[in-house]
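Working through the structure, step by step
Below are the chains, spelled out letter by letter.
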Amino acid sequence: MLALAVPALGALVAEPLFVLVDSAVVGHLGTAELAGLSLASTILVTLVGLCVFLAYATTAAVARRVGAGSTREALQSGVDGLWLAVGLGIALAALLVAVAPWAITTMGGTDEVARHAVVYLRWSALGLPGMLLVLASTGVLRGLQDTRTPLYVAAGGAVLNAILNVVLVYGAGLGIAGSGIGTAVAQTIMGVVLVVVVVRGARRHGASLRPAAGGIWGNAVAGAPLFVRTLSLRLAILLTVFVATGLGDVTLAGYQVVQAVWGLAAFALDALAIAAQALVGHGLGSGDVPRVRAVLRRTLRWGVAAGAVIGVVMAAGGWWFALLFTSDPEVRTAVALGMAVCGLLLPMAGWVFVLDGVLIGAGDGRFLAWAGMITLVVYAPVALAVRAWAPDGAAGLAWLWLAFAGVFMASRALTTGLRARGERWMVTGR
């Protein structure tokens, strides 16, 4: 479990570092630029997040087939996922460039904030094909229980992104556009490197590299429930940003920083979920139900404990984190208070992320889709109440994070926890 989780932790932490680096570099350009980045990156991350089934569904399918002794078939499924990823990436990039102004306006962006958001969104959208190839390739490698290769590639991409951001934003004087370009270039290079690794493995085991319509369609159908599940999560995040936008520029800028740090913590905790996906899929593929139960118990304990440790760091270090991202004293106060709320609730998030990983590894996407929509229905009126009645600034951000990290996460913890107590999700075989 540790052999899978520790490298996965590095790879997962490297990904949100893209957002952290962009936030740190752009944040020192001004509050309007940082608020614009918040809107644009939320839309971009939402689109990429909706396609996370390219990784999750592939991990479960590949792990099951490997557990059943069909490595060539597992890699063939992975190759079909790569073709699906590149097709979706090109289509979504073209769509996002075209509708960027409308999307930013719909999110509540106005005036200077909207102008910066559109610039960043259009440039960073060019990296969408690379981003989705990273997802699909990583899913294949995780299913093969190789979490080291994604770690090396993600770490290299994070370093490259940091260098490109500083050089293009400040050295070349491109401002927020330079940040979007740097991120797109880094993600594209990462995608190419990971595709080469998967293709080499496919050739070695005799899998075809040609696009197969049936295989691509099969991947899309298998990922549909996880798409719905992720859609519910992303709609909740979009609703949260909508509320932050309505509470003023200080709240929105503060939300961007807290969200970046929350994302970093969430991906760190998700390393256990990634290990659970691979181990649960492999265990169910080989029919080893006791092993699956053992993985569930161990990862849940570790998830809650890790959430508590990281939560203490977040709550205690909020003010110091804020100094890295902005010089605005009001935004710093908002960040510190928001991170204190998140830190207190992070142990529950650790429980949620692990259970998600276990059920995804089991291929229980249909339940997760229904549960996701139910939790969204529970969260929506609470979030809208915050927008209507909470004050702006630091207090508003604290109430907003209490709604998201508290009410929304508690709803997810309840639904997935009840499911995991039963046995309907433990279906064995390929």
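Quick summary incoming for the structure in this document. None of these values were measured; they are calculated from a predicted model.

Structural notes on the overall build of the chain
Secondary structure summary: the chain contains 14 helices and zero strands in total. Along the chain, helices and strands appear, N-terminal first, in the series α-α-α-α-α-α-α-α-α-α-α-α-α-α. For a compact globule of 430 residues, the expected C-alpha radius of gyration is about 22 Å, and the chain comes in at 20 Å, within 12% of that figure. Along the first, second and third principal axes, the C-alpha set of the chain runs to 60 × 45 × 35 Å. Among the 430 residues that make up the chain, the fraction classed as buried is 59%.

Quick word on helix 7 (residues 148-171)
Here helix 7 spans 33 Å end to end across 24 residues, near enough to the 34 Å set by a 1.5 Å rise per residue. Buried residues of helix 7: T149, P150, L151, V153, A154, G157, A158, N161, L164, N165, L168 and V169, and no others. In the stretch just after helix 7, G173 is the one whose phi turns positive, near 70°.

Topic: a nonpolar patch on the surface
On the surface, a nonpolar cluster with roughly 320 Å² of combined accessible area is contributed by V97, V119, W123 and L126. The topology assignment puts V97 in helix 4 (residues 71-106). The class of V97 is partly exposed, set by a relative accessible area of 31%.

Topic: the packing of helix 6 (residues 128-143) against helix 8 (residues 176-204)
In contact at an axis separation of 8 Å, helix 6 and helix 8 are set at 35° when each is read in the N-to-C sense. The handedness of the crossing between helix 6 and helix 8 comes out as left-handed. Judged by residue contacts, G130, M131, L133, V134, S137, T138, V140 and L141 of helix 6 engage T183, Q187, T188, M190, G191, L194, V195, V197 and V198 from helix 8. The class makeup of the residues in the contact of helix 6 with helix 8 is ten nonpolar, seven polar and no charged.

Quick notes on the packing of helix 2 (residues 31-50) against helix 6
Two elements in contact, helix 2 and helix 6, have axes whose closest approach is 10 Å; the angle formed by their N-to-C orientations is 40°. What the angle tells us is that helix 2 and helix 6 run oblique. Our pair here, helix 2 against helix 6, has a crossing hand that is right-handed. Residues L44, L47 and V48 of helix 2 pack against L128, M131, L132 and L135 of helix 6. A per-class count over the contact of helix 2 with helix 6 returns seven nonpolar, no polar and no charged.

With respect to the packing of aromatic side chains
Taken as a whole, this structure holds seven aromatic pairs when the rule is applied. With 6.0 Å between their ring centres and 75° between their planes, Y379 and F404 make a pair best called edge-to-face. Of the two residues, Y379 sits in helix 13 (residues 365-389) while F404 sits in helix 14 (residues 393-421), which places them 25 residues apart along the sequence. Comparing Y379 with F404 shows no difference in burial state: the two are buried. When the ring of W401 is compared with that of F404, the centres are 5.7 Å apart and the planes differ by 85°; the resulting orientation is edge-to-face. Remark: F404 and W401 occur in helix 14; sequence separation between them is three residues, near one turn of the helix. The buried category is assigned to W401, whose relative accessible area is 1%. Following the ring pairs from residue to residue traces out a cluster consisting of Y255, W262, Y379, W401, F404 and F408.

Thresholds applied
- Residues numbered from 1 in each chain as written.
- Predicted model: local features only at pLDDT ≥ 70, side-chain atom pairs only at ≥ 80, totals over all residues.
- Heavy atoms only, no water.
- Helix = DSSP H or I, 4+ residues; strand = E, 2+ residues; numbered from the N terminus.
- Rg over C-alpha atoms; globule rule 2.2 N^0.38 Å.
- Buried < 20%, exposed > 50% of the residue type's maximum accessible area, 1.4 Å probe, protein only.
- Expected span 1.5 Å × (residues − 1).
- Patch = residues over 30% accessible without salt bridge, like charges linked within 9 Å, V, L, I, M, F, W, Y side chains within 5 Å.
- Areas by Shrake-Rupley, 256 points an atom, 1.4 Å probe, with all protein chains shown as cover.
- Salt bridge = Lys/Arg side-chain N within 4 Å of Asp/Glu carboxyl O.
- Axes fitted to C-alpha atoms, helices over the stretch in contact; angles between N-to-C directions.
- Left-handed = near helix turned anticlockwise from the far one by under 90°.
- Contact = heavy atoms within 4.5 Å.
- Nonpolar A, V, L, I, M, F, W, Y, C, P; charged D, E, K, R; others polar.
- Parallel < 35°, antiparallel > 145°, perpendicular 65-115°, else oblique.
- Phe/Tyr/Trp six-rings, centres within 6.5 Å; stacked < 30°, edge-to-face > 60°.

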